[in-house]
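An overview of the molecular structure
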Amino acid sequence: MKIEGPIWIESSPNEGSLAGATLYNQFISFNNEEMDYECPHHAAEVMNALLTPQDVETIGDKDPSSLFATIGTSPWRSMPDYLQEALSDLNAFGEDTIVARRHWVLDGDDLFPVVVGENEE
């Protein structure tokens with residue numbers, strides 16, 4: 001399965017619990033037609049594309065499913081216009097493009113994944 005990215009974009013939400021924080025937004029894309037959502041190997045490929053060395057250090061050999069709450073997906077056509085321009089390189093699969101994203105905050109020298117509501121992006 002082919003995965004495009006990652007692309008990183010910095011943002012600062014104006015509303016919600018993360019207002020005023022600096023978020024580091026990580027995006028990848030994959031082909032919805034190639035993705036078998038029942039296949040653990042496909043889910044692992046997407047997860048691996050979004051993992052950082054710190055994630056690997058944190059979870060070790062444990063099940064990474066605890067990180068799933070920090071990952072969101074949406075079809076390319078649902079991406080806001082301002083993001084479609086910035087992420088145009090991820091639109092590699094036409095109508096079948098699915099974008100996966102993780103949001104991060106910096107604490108000292110370490111990035112930590114956070115769950116972000118739709119109104120906070």
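In this text, all values refer to a predicted model and were calculated from it rather than measured experimentally.

**Some words on the overall build of the protein chain**
- Across its full length, the protein chain carries three helices and five strands.
- Counting the 121 residues in the protein chain, one finds 36% classified as buried.
- Sequence separation of 24 or more characterises 61% of the internal contacts of the protein chain that already satisfy a separation of 6 or more.
- When the accessible surface of the protein chain is summed, it comes to about 7,200 Å², and 48% of that surface belongs to carbon and sulfur atoms.

**Some words on helix H1 (residues 40-50)**
- All of the buried residues along H1 are His42, Val46, Met47 and Leu50. Within H1, the buried residues cover an arc of 135° as seen down the axis, which keeps them to one side. Looking at H1, the residues exposed on the side facing more than 90 degrees away from the buried face are Pro40, His41 and Asn48.
- Buried positions along H1 lie against strand S1 (3-11), strand S2 (23-31), helix H2 (53-59), strand S3 (71-75) and strand S4 (97-107).

**Comments concerning a negative patch on the surface**
- A cluster of acidic residues, Glu57, Asp107, Asp109 and Asp110, forms a negative patch on the protein surface.
- Given a relative accessible area of 70%, Glu57 falls into the exposed group.

**Regarding the pairing of S4**
- Counting buried positions along S4 gives nine out of eleven residues, so the element sits mostly inside the fold.
- Bridge count for S2 against S4 is nine bridges, and the pairing is antiparallel. For Gln26, the partnering residue across the bridge sits in S4 and is Arg102.
- Relative to S4, S3 runs antiparallel, the two sharing five bridges. Bridge pairing in S4 links Pro75 to Ile98.
- Relative to strand S5 (residues 110-114), S4 runs antiparallel, the two sharing five bridges. Each residue of the ladder has a partner; that of His103, found in S5, is Val114.
- Counted between consecutive antiparallel strands, the loop separating S4 from S5 contains two residues, among which Gly108 sits at a positive phi close to 70°.

**Observations regarding unusual backbone geometry**
- A cis amide bond links Gly5 with the next residue in sequence, Pro6, at an omega value of 10°.
- Checked against the element boundaries, Pro6 lands in strand S1.

**Details of the pattern of salt bridges**
- This model, assessed by the stated rule, comprises one salt bridge.
- Between Glu4 and Lys2 there is a salt bridge, with the nearest N and O atoms lying 3.2 Å from each other.

**Remarks on the pairing of S2**
- S2 sits mainly inside the fold: eight of its nine residues count as buried.
- In this structure, S1 lies alongside S2, joined through seven bridges in antiparallel fashion. The residue bridging Glu10 from the neighbouring strand is Tyr24, located in S2.

Conventions adopted
Each chain carries its own residue numbering, running from 1 in the written order of its sequence. The predicted nature of this model means local features are confined to residues of pLDDT at least 70 and side-chain atom pairs, given and counted, to a pLDDT of 80 or more, with totals for whole chains, interfaces and linings taken over all residues. Note that the side-chain values use all heavy atoms of the structure and ignore hydrogens as well as water. Numbered from the N terminus, helices here are DSSP runs of H or I no shorter than four residues, and strands are runs of E no shorter than two. Accessible area is worked out with a 1.4 Å probe on protein chains only. A residue is then buried under 20% of its type maximum, exposed over 50%, and partly exposed in between. In what follows, residue pairs with any heavy atoms lying within 4.5 Å of each other are defined as contacts. Only the protein chains shown count as cover for residues, with accessible areas throughout obtained via the Shrake-Rupley method and a probe of 1.4 Å. Arc, as used here, means the arc of the directions from the helix axis to the C-beta atoms. By definition, no residue in a patch forms a salt bridge, and every one has over 30% relative accessible area; like charges are joined within 9 Å, nonpolar side chains (Val, Leu, Ile, Met, Phe, Trp, Tyr) within 5 Å. Between Lys or Arg on one side and Asp or Glu on the other, a salt bridge is scored when a side-chain nitrogen of the former is within 4 Å of a carboxyl oxygen of the latter. This count recognises Lys and Arg as positive and Asp and Glu as negative, with His and chain-terminal groups excluded. In plain terms, the charge of a residue is placed at NZ if it is Lys, CZ if Arg, CG if Asp and CD if Glu. When DSSP finds two or more bridges between a pair of strands, those strands are recorded as paired.

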